[in-house]
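The lines below spell out each chain.
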Amino acid sequence: MKIIMLGAPGAGKGTQAKKIAEKYKIPHISTGDIFRANIKNGTELGKKAKTYMDQGLLVPDELVVDLVVDRVNQDDCKDGYVLDGFPRTIPQAEALDQALARLNQKVDYAINVEVPDENIVNRMSGRRACVGCGATYHIVFAPTQKEDVCDNCGGSLILRDDDKPETVQKRLGVYHEQTQPLIEYYTNAGILKEVDGTIDIEDVFREITNILGE
Ligand code: ADP
Ligand code: ADP
Ligand code: ZN
């Protein structure tokens, strides 16, 4: 099962992608996580990506596409995967389709997690990320058991630099301009599925499992 998660920044793509990966036993591939790991390790890719991410801009397609195509060609991806944060532009979607077509494969589902802009800034200002393992929480909607301590690894939690309100507004603008056209792209491909992202995390996941099957 090859799945793409679509939605605004903060819509809950990562939260749902993790749950999908666990239930259906497929890898969760997050381009944001890959970039953040590269930044943490001080790689050349990380240095390049950071200048865009800090401004709330997309990293250029040429720095993203090969990375993802290589990743989905790895052995653990042969029964499927859930892509979170990729594609984010039409050229990225076309490059993915072309790479898959060469292997006689295609994407099965593009799941659009719908959340209106008004809800997004609140979501993002409450998001906390673990510095140790990258796990994501929310101070109100998905709190840790112990304040500011990761349930997974005991690491400490931070507000991502790009989750500050000014940058969130910028990212929303970028989303509408460059990423939202993918909804039409995957509608035309006949694989778009919409879920309501404003309801509880578990209820969103139930909508998704209704689509994907038990
Ligand atoms: P969010 O979870 O809020 O949607 P991500 O963690 O997916 O954010 O991405 C963080 C940042 O990493 C983006 O704002 C962008 O700068 C960069 N990024 C991630 N994926 C891509 C991509 N497919 N194309 C271009 N830039 C990307
Ligand atoms: P994305 O990957 O789309 O940027 P995340 O999965 O990181 O979004 O979610 C953004 C923030 O909103 C996180 O703090 C997360 O815990 C919280 N969140 C995710 N889904 C929901 C939901 N259905 N209701 C309330 N908060 C949510
Ligand atoms: Zn952690």
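Along each chain, residue indices are assigned from 1 in the same order as the chain's sequence is written. Chains and ligands are labelled by the order in which they are written, letters from A for the one and numbers from 1 for the other. Local features in a predicted model are, by the rule used here, given only for residues with pLDDT of at least 70; side-chain atom pairs are given and counted only at 80 or more, and totals for whole chains, interfaces and linings are based on all residues. Think of the side-chain values as coming from all heavy atoms in the structure, minus any hydrogens and water.

So, on to the overall build of the chain. Working definition: helices are DSSP H or I runs of at least four residues, strands are E runs of at least two. Numbering for both runs from the N terminus. In terms of regular secondary structure, the chain is built from nine helices and eight strands. The C-alpha atoms of the chain give 16 Å as radius of gyration, which agrees with the globular expectation for 214 residues (17 Å, within 12%). Its C-alpha atoms give the chain principal-axis dimensions of about 50 × 40 × 35 Å. Only protein chains enter the accessibility calculation, which uses a 1.4 Å probe. A residue is then buried if its area is under 20% of the maximum for its type, exposed if over 50%, and partly exposed in between. Counting over 214 residues, the chain shows a buried share of 45%. We call two residues in contact when some of their heavy atoms are within 4.5 Å. Considering only residue pairs separated by 6 or more positions, the chain has 68% of its internal contacts joining residues 24 or more positions apart. If the 26 positive side-chain charges of the chain are averaged to one point and the 34 negative ones to another, these points end up 4 Å apart. With C-alpha atoms as the basis for the radius of gyration, the globule rule is written as 2.2 Å multiplied by the number of residues raised to the power 0.38. By the counting rule applied here, Lys and Arg register as positive and Asp and Glu as negative, while His and the ends of each chain are not counted. Working definition for charges: the position is that of NZ of Lys, CZ of Arg, CG of Asp or CD of Glu.

Let us now look at the packing of aromatic side chains. The criterion for an aromatic pair is that two Phe, Tyr or Trp rings (for Trp, the six-membered ring) have centres within 6.5 Å, with stacked assigned to planes under 30 degrees apart, edge-to-face to planes over 60 apart and tilted to the rest. Within the structure shown, the criterion is met by one aromatic pair. Lys-19 extends its terminal NZ or CZ atom over the ring of Phe-205, reaching a point 5.1 Å from the ring centre. In this scheme, Lys NZ or Arg CZ marks a charge over a ring once it lies within 6 Å of the ring centre and within 35 degrees of the ring normal. The ring of Tyr-24 has Lys-23 lying over it, and the distance from NZ or CZ to the ring centre is 5.7 Å.

This paragraph deals with the site of ligand 2. Any residue with a non-hydrogen atom lying within 4 Å of a molecule or strand is treated as near it. With respect to spatial proximity, 20 residues lie near ligand 2, and among them Gly-10, Thr-15, Arg-127, Tyr-137 and Ile-199 are the closest. Between ligand 2 and Arg-123 there is a distance of 3.4 Å, counted from a nitrogen atom to a side-chain nitrogen or oxygen. One of the side-chain nitrogen or oxygen atoms of Arg-127 is found 2.6 Å away from an oxygen atom of ligand 2. For the shell around ligand 2, the secondary-structure elements that each account for two or more residues are α1 (13-24), β6 (136-138) and α9 (201-212). Each residue belonging to the shell around ligand 2 can be placed in one class, and the counts come to nine nonpolar, seven polar and four charged. In the analysis that follows, any N or O atom pair within 3.5 Å is treated as a polar contact, provided that within protein one partner can donate a hydrogen and the other can accept it, and provided that, for residues neighboring in sequence, both atoms belong to side chains. Ten residue types, Ala, Val, Leu, Ile, Met, Phe, Trp, Tyr, Cys and Pro, are classed as nonpolar, four, Asp, Glu, Lys and Arg, as charged, and the remainder, Gly among them, as polar.

What follows is about the coordination of the zinc ion (ligand 3). Think of it this way: four donors in a tetrahedron around the metal ideally sit 109.5 degrees apart, and six in an octahedron ideally sit 90 or 180 degrees apart. Here the coordinating atoms are restricted to nitrogen, oxygen and sulfur within 2.8 Å of the metal centre, or 3.2 Å for Na, K and Ca, and because water is not among them the sites may look incomplete. Taken together, the protein ligands of the zinc ion (ligand 3) are Cys-130 (SG), Cys-133 (SG), Cys-150 (SG) and Cys-153 (SG), with distances of 2.3 to 2.4 Å. Every geometry call rests on angle ranges, with four donors termed tetrahedral when all angles are between 85 and 135 degrees, four termed square planar and six termed octahedral when opposite donors are over 155 degrees apart and all others are between 65 and 115, and everything else termed irregular. Angles of 98 to 116° at the metal separate the four donor atoms of the zinc ion (ligand 3), which places the site in the tetrahedral class. When the donor residues of the zinc ion (ligand 3) are listed from N- to C-terminus, their spacing reads C-x2-C-x16-C-x2-C. With Cys-130 in strand β5 (residues 127-130) and Cys-153 in the loop between β6 and β7 (157-158), this pair connects stretches of sequence that are 23 residues apart. Taking relative accessible area as the criterion, Cys-130 reaches 6% and is therefore assigned buried. Exposure remark for Cys-153: the relative accessible area of 43% places this residue in the partly exposed category.

Okay, the site of ligand 1 next. In the region of ligand 1, 21 residues are neighbours, and Thr-31, Leu-57, Gly-85, Arg-88 and Arg-171 sit closest. For ligand 1, a nitrogen atom lies 2.7 Å from a polar atom in the side chain of Thr-31. Within the side chain of Arg-36, a nitrogen or oxygen atom sits 2.9 Å from an oxygen atom of ligand 1. Using a 1.4 Å probe, the Shrake-Rupley method yields the accessible areas, and only the shown protein chains count as cover for residues. Calculation on ligand 1 without its partners gives an accessible area of 560 Å², and the protein chains cover 96% of this total. Broken down by element, the shell around ligand 1 gets its largest block of residues, four residues, from helix α2 (residues 31-40). When its residues are assigned to classes, the shell around ligand 1 shows nine nonpolar, five polar and seven charged.

Exposure above 30% relative accessible area and the absence of a salt bridge qualify a residue for a patch, where like charges join within 9 Å and nonpolar side chains (Val, Leu, Ile, Met, Phe, Trp, Tyr) within 5 Å. Salt bridge, as used here, is a side-chain nitrogen of Lys or Arg placed within 4 Å of a carboxyl oxygen of Asp or Glu. A contiguous nonpolar patch, built from Ile-139, Val-140 and Phe-141 and spanning about 330 Å² of accessible area, is present on the exposed surface. Among the structural elements, Phe-141 can be located in the loop between β6 and β7. The class of Phe-141 is exposed, set by a relative accessible area of 56%.

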